[in-house]
Amino acid sequence: MVNSLFAYMGTELIGVTVGEAENPRKNIPKAIKRTFFRILVFYIGGVFVIGLIVPSTANDLFIATTQATTGAAASPFVVAATMLGIRGLRHVINGQVLMTFGEDDTDSSDQSNPNLSNSDLYIGSRTLYGLALEGKAPKIFRRVNRMGVPWPALLFCTAFCPNNESLTSSKGSSRVFKYFVNLVSTFGAITWMCILYTHIRFMKALKVQGISRDTLPYKAPFQPYGAYFAIVGTAIITFFKGFDAFLPFKADGFVTAYIGISAFVFFLSFWKIRFREHTIPLAEVDLISGKKQIDDEEERYLAEQEARGPRTRWQKLWDAL
C-alpha cells in the first residue's frame, strides 16, 4: 500500500501548472481527463495484464529481495517478457528505468533523472514562489528572471536535491530507499488531504455565495461524495501504513512513517497561533480575485488563434496530442 501511494504521488501537479498554462480553461480540464485515463490504462491496466501473465509463485518475482543487485530483472514486466520468450527486453526496460527512475542495472545506483527531477523542481520552486507572494516565505523568493522563472526558489529547491548516487551506493540502499518512500508517501498523502479539504470548502463556498458549479470550466464528478470518500480513505491509509513497524517494533520505521504527521500538525499549529489566523467563513471566501487576469488572457489567446486562420487536419491532430 505504501509503494502504491508513493507511485501515485505527483498526479496533483496539474493544479500548479494552471498559472503558466496557455488557455487554462480549455487545456487544464483536458489534461485532467487525460491523466485519469493514462493512470487507468498504464497503471491499473498494466498491473492487471501482469497479473494475468505472471503467477504469484514465480521465483523470479522474489529476485529483488534475494539478490543485492537487482536491476531491471526484478521488474514483473521483465519476468512476463521472459516467460513469453521475448529476448532483449531486459535491456529495453533497464533503459526506460534509467530515464524514468534513474536506476542503473549494473550497480543498482540511482542517477540524476531528468523527468522526475524536473517535475519535482518545478512544483517545489513554484510552490515556494507562491508562498513568497502571499508573504509566507522570504521576499527573496519573489524574484523572477525576464522569462518568468523564479530562480532563487529554483536554486533553493535544487540545494535540497540529494545525491542519489551516495544514497544508494552502500549495502543499505534498500533500507534508505524505504525510508525515503515512507517520508514522501506521508507528506504526499497529507498534501492530498489538504487539497481535498480545500476542494470541499470551495464547493461549500460556491453554494453559500450562490454560484453554480455548472459555470466552472471543469466540474469534478461524483462530488461532494467523491471528495469525502477520498479524504477518509487517504487518512486511513496514512494512519495504518506504518503498522509493520510494530511487528516487531522498529524505531526507524515508526519515525519515517509518522514523523510527517507530527511535523504537519506542529507547523500548522505554529502558524495559526503565531499569526492568529482562523478559518474564513464560507460567505467571505474570495472566489473572484484573479478572474479578470484569466479573462483578459483568454481573450488575447482566442484573438491570436483567430488571426492564425483555420487549422488543417494535421495541425488539429498535433494540437490534440
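Residues numbered from 1 in each chain as written. Predicted model: local features only at pLDDT ≥ 70, side-chain atom pairs only at ≥ 80, totals over all residues. Heavy atoms only, no water.

**Q** An account of the overall build of the protein is needed here, citing residue identities and associated values.
**A** Counting its secondary structure elements, the protein contains 13 helices and 0 strands. Ordered by position in the sequence, the α and β elements of the protein form the string α-α-α-α-α-α-α-α-α-α-α-α-α. With 321 residues in all, the protein has 24% of them scored as buried. Accessible surface computed for the protein: about 22,300 Å², of which carbon and sulfur atoms make up 66%. (Helix = DSSP H or I, 4+ residues; strand = E, 2+ residues; numbered from the N terminus. Buried < 20%, exposed > 50% of the residue type's maximum accessible area, 1.4 Å probe, protein only. Areas by Shrake-Rupley, 256 points an atom, 1.4 Å probe, with all protein chains shown as cover.)

**Q** Requested: an account of the packing of aromatic side chains, with residues and values cited.
**A** To describe a pair of aromatic rings, you give the distance between the ring centres and the angle between the ring planes. With the rule as written, the count across this model stands at 9 aromatic pairs. Judged by centre distance (4.9 Å) and plane angle (85°), the rings of Phe 239 and Phe 240 are edge-to-face. The class of Phe 239 is exposed, set by a relative accessible area of 53%. Between Phe 254 and Tyr 258, the ring centres sit 5.4 Å apart and the planes meet at 45°, which makes this aromatic pair tilted. Here Tyr 258 and Phe 254 lie together in helix 11 (residues 251–274), a separation of 4 residues that amounts to about one turn. Using a relative accessible area of 12% as the deciding quantity, one classes Tyr 258 as buried. Members of the aromatic cluster, joined through ring pairs, are Phe 246, Phe 249, Phe 254 and Tyr 258. The ring of Phe 275 has Arg 274 sitting right over it, with the charged end atom 5.0 Å from the ring centre. (Phe/Tyr/Trp six-rings, centres within 6.5 Å; stacked < 30°, edge-to-face > 60°. Lys NZ or Arg CZ within 6 Å of the ring centre and 35° of its normal.)

**Q** How would you sum up the confidence of the model for the protein? Please name residues and give values.
**A** Averaged over every residue, the pLDDT of the protein is 78; residues scoring 70 or more account for 82%. Considering each helix and strand of the protein separately, the mean pLDDT is smallest for helix 8 (residues 164–168), with a value of 51, and largest for helix 10 (residues 225–240), with 90. Predicted confidence for residues 102–113 stays below pLDDT 50, and this span has 39 contacts to residues more than four positions away or in other chains. (pLDDT = per-residue confidence, 0-100. Contact = heavy atoms within 4.5 Å.)

**Q** Give a detailed account of the pattern of salt bridges, specifying residues and quantitative values.
**A** If you walk through the whole model with that rule in mind, you get 8 salt bridges. With a closest N to O distance of 3.1 Å, Lys 291 and Asp 295 form a salt bridge. Here Lys 291 pairs with Asp 295, and both are found in helix 12 (residues 291–307), just 4 residues apart, close to one helical turn. Overlapping salt bridges bring together Arg 25, Lys 291, Asp 295 and Glu 298 as one network. (Salt bridge = Lys/Arg side-chain N within 4 Å of Asp/Glu carboxyl O.)

**Q** Describe the packing of helix 2 (residues 24–53) against helix 4 (residues 76–83), naming the residues involved and giving the relevant values.
**A** It is at 10 Å that the axes of helix 2 and helix 4 come closest, and there the two elements cross at 40°. As summarised for this structure, helix 2 and helix 4 are arranged oblique, according to the angle between their axes. Crossing angle aside, the handedness with which helix 2 passes helix 4 is left-handed. Where helix 2 approaches helix 4, its residues Gly 46, Ile 50 and Ile 53 are matched on the opposing element by Pro 76, Phe 77, Ala 80 and Met 83. (Axes fitted to C-alpha atoms, helices over the stretch in contact; angles between N-to-C directions. Parallel < 35°, antiparallel > 145°, perpendicular 65-115°, else oblique. Left-handed = near helix turned anticlockwise from the far one by under 90°.)

**Q** Can you tell me about a nonpolar patch on the surface, naming the residues and giving the values?
**A** A contiguous nonpolar patch, built from Leu 183, Phe 187, Phe 243, Phe 246, Leu 247, Phe 249, Phe 254, Val 255 and Ile 259 and spanning about 870 Å² of accessible area, is present on the exposed surface. Counting only elements with at least two residues in the nonpolar patch, the list comes to helix 9 (173–208) and helix 11. If you tally residues by element for the nonpolar patch, the top one is helix 11, at 3 residues. You can call Phe 254 partly exposed: its relative accessible area is 32%. (Patch = residues over 30% accessible without salt bridge, like charges linked within 9 Å, V, L, I, M, F, W, Y side chains within 5 Å.)

**Q** If you had to explain unusual backbone geometry to someone new, which residues and values would you point to?
**A** In this chain, Gln 223 is followed by Pro 224 through a cis amide linkage whose omega measures 5°. The topology assignment puts Pro 224 in the loop between helix 9 and helix 10. Despite not being glycine, Phe 222 has its phi angle at roughly 60°, a positive value. Along the chain, the position of Phe 222 falls in the loop between helix 9 and helix 10.

**Q** Now, about the environment of Ile 231: what can you tell me, with residues and values included?
**A** Following the sequence through the fold, Ile 231 ends up in helix 10. Distance in space between the C-alpha atoms of Ile 231 and Ile 195 is 9.1 Å, their sequence separation being 36 residues. Not counting chain neighbours up to four residues away, the residues in contact with Ile 231 comprise Met 193, Leu 196 and Tyr 197.

**Q** So what's going on with helix 11? Which residues, and what values?
**A** Every α-helix winds through 3.6 residues per turn, so residues three or four apart in the chain are directed the same way. The end-to-end C-alpha distance of helix 11, which contains 24 residues, comes to 32 Å, matching closely the 34 Å that a straight helix rising 1.5 Å per residue would cover. The principal kink in helix 11, of about 45°, is found at Tyr 258. Considered for burial, the residues of helix 11 that qualify are Gly 253, Thr 256, Ala 257, Tyr 258 and Gly 260. A positive phi of about 50° marks Arg 276, the residue just after helix 11. (Expected span 1.5 Å × (residues − 1). Bend = angle between axes of the 7 residues up to and from the residue.)

**Q** Which residues make up the environment of Lys 204, and what values go with them?
**A** Positionally, Lys 204 belongs in helix 9. Taking the C-alpha atoms as reference points, Lys 204 and Pro 224, 20 residues apart in sequence, are found 9.3 Å from one another. Those residues in contact with Lys 204 that sit more than four places away from it in its chain are Tyr 228 and Leu 282.

**Q** Explain helix 12 to me, and be specific about the residues and the numbers.
**A** The end-to-end C-alpha distance of helix 12, which contains 17 residues, comes to 24 Å, matching closely the 24 Å that a straight helix rising 1.5 Å per residue would cover. A positive backbone phi angle near 85° is found at Gly 309, which sits one or two residues after helix 12.

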